[in-house]
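This is what each chain is made of:
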Amino acid sequence: MTSIRSAVALPLAAVSLAAVSLALATPAASAAAPATVSVEEARLDRAAPQEILKRSGFASLAPEFADALADTDSFAAAERTVVRYGSGLWRRAVDRAQGRGAAGGDLSRDDDRPLYWSRLALTRELRTWKTGFGITEEGRSRLLDRLERSSRGQDSIRYPAGKGVKRILLTGFDPFTLDRDTRISNPSGATALALDGTWLRTSDGSLARVETAVFPVRWQDFADGTVERALSPHLPKVDLFTTVSQGRPGRFDIERTNGAWRGGFPDNENLSRTETVPVADAATQPQWTTTTLPYAAITAASTGRFPVYDNTSVTELPVGTDTPVVRPDGPTPGSAARAGGGGNYLSNEIAYRATLLRDRLGLTRLPGGHVHTPVLQFGPGNTDPATGTVTDEEFVRNRLDIIAQVRAIVAVAAGSR
């Protein structure tokens, strides 16, 4: 696996700052008060996140960012600082995962958690920052959005020009269920870091370039269109896309069908949503979308130590009933969704949104869908969050094996058209 990406952050000259940025700067008299920290940010002070930051060399980023913000004297200057640190964080995490530069500590390079906790450390500084020039609530929200997008790789997706190269887009997620265990890592996020900007040889011998991005585990961000905003410029130009998330223990699943239903499991802000997936043009919204990934080829291939399944099960409300029914072979005509193959949490929702976007853009022949990875597990004797360590040999081995198998699955999928 190789990369043509530079090991340094994108230069500021490459960042387009819209003229509207200046309009968002306001006099001190109308400045909004700094907000309190978010639920996610409040977890930063627990022992495991602090250890993860120290053992990866990322602990100094937030204080440096706070100092840089303090030196800004306008909204435009603050926005430049935010984008510089956000894109720099993403590039530093990718470089660390791909073996470039110093490791910064003894934490395994494949670890996605330094990116997650560092981002929260930066957003907490930005959310509580007291400006010397005044800023509106809208302005602070814009800066937080720029920080989120740039530190997730969502605004740095670039493919080489010319023919003869396949283009692959892959997405991952942040860690979640952190109140249960703040040590948790998400192998889909780790995969995104490991594969961003890399080249691979597909199963048909073609050369492919992989670009990646990571998404939050927050219902509201999805309702606000973060998936569509990040993916819509790129889907017409790629040869394959796959959303990836952590799924079931001990297995991969290629999810055949995605449902338009939110099941209510709390997100990383401890908020719950039980409703139809909110999308634009709801009047034409289907209850179900379907993968166009070559699931037969993927499940037949030898891609790694975990079994890979073509998962066709859904949960539906059949026509004329209000009782959920599990259908092992997919939905029946006219039914209402209650869970796709990947459930009714944000993994199902990103798959639903991405494949709905594919269809609405008229890209019906574009291979795309969702891959669920195995649950990333700690080794025996290290399962208690209260007494366990933040990493162990089996934990690292499991994550590395999952990353390698996702890469192999993508190579098969991209070579099977």
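Structure: see above.
I will try to describe carefully the structure that is included in this document. Keep in mind the model is a prediction, meaning the values are calculated, not measured.

### Looking at the pattern of salt bridges
Across all of its chains, the model carries 36 salt bridges by this definition. Of the charged contacts, one joins R55 and D106 as a salt bridge, the two residues approaching to 2.8 Å between their closest N and O atoms. Pair noted here: R55 is in helix 3 (residues 47–56) and D106 is in the loop between helix 5 (75–97) and helix 6 (113–128), with a separation of 51 residues, a long-range link. Accessibility expressed as a relative area gives 57% for D106, which makes it exposed. Measuring nitrogen to oxygen at the nearest pair gives 2.7 Å for the salt bridge that ties R146 to E79. Of this pair, R146 sits in helix 7 (residues 137–151) while E79 sits in helix 5, and the two are 67 residues apart along the sequence. Taken individually, R146 and E79 each receive the classification buried, so the pair is uniform in this respect.

### Overview of the sheet that holds strand 12 (residues 314–317)
Taken in spatial order, the three strands make up an open sheet running 13-12-14, and their pairing is antiparallel. The open sheet has two free edges, formed respectively by strand 13 (325–327) and strand 14 (336–339), since each of these has just one partner strand. With strand direction ignored, the average angle separating the axes of adjacent strands in the sheet is 45°. The pairing of strand 12 with strand 14 spans three bridges and is classified as antiparallel. The residue of strand 14 that forms the bridge with E316 is A337.

### Regarding helix 4 (residues 61–70)
Among the residues of helix 4, L61, A62, F65, A68 and L69 are the ones counted as buried. For helix 4, the arc enclosing every buried residue in end-on projection is 120°, short of the 170-degree limit, so these residues lie on one face. Opposite the packed face of helix 4, turned more than 90 degrees from it, sit the exposed residues D67 and A70.

Here is what the cut-offs are and how they apply
Residues numbered from 1 in each chain as written. Predicted model: local features only at pLDDT ≥ 70, side-chain atom pairs only at ≥ 80, totals over all residues. Heavy atoms only, no water. Salt bridge = Lys/Arg side-chain N within 4 Å of Asp/Glu carboxyl O. Helix = DSSP H or I, 4+ residues; strand = E, 2+ residues; numbered from the N terminus. Buried < 20%, exposed > 50% of the residue type's maximum accessible area, 1.4 Å probe, protein only. Pairing = 2+ DSSP bridges. Axes fitted to C-alpha atoms, helices over the stretch in contact; angles between N-to-C directions. Arc of directions from axis to C-beta.

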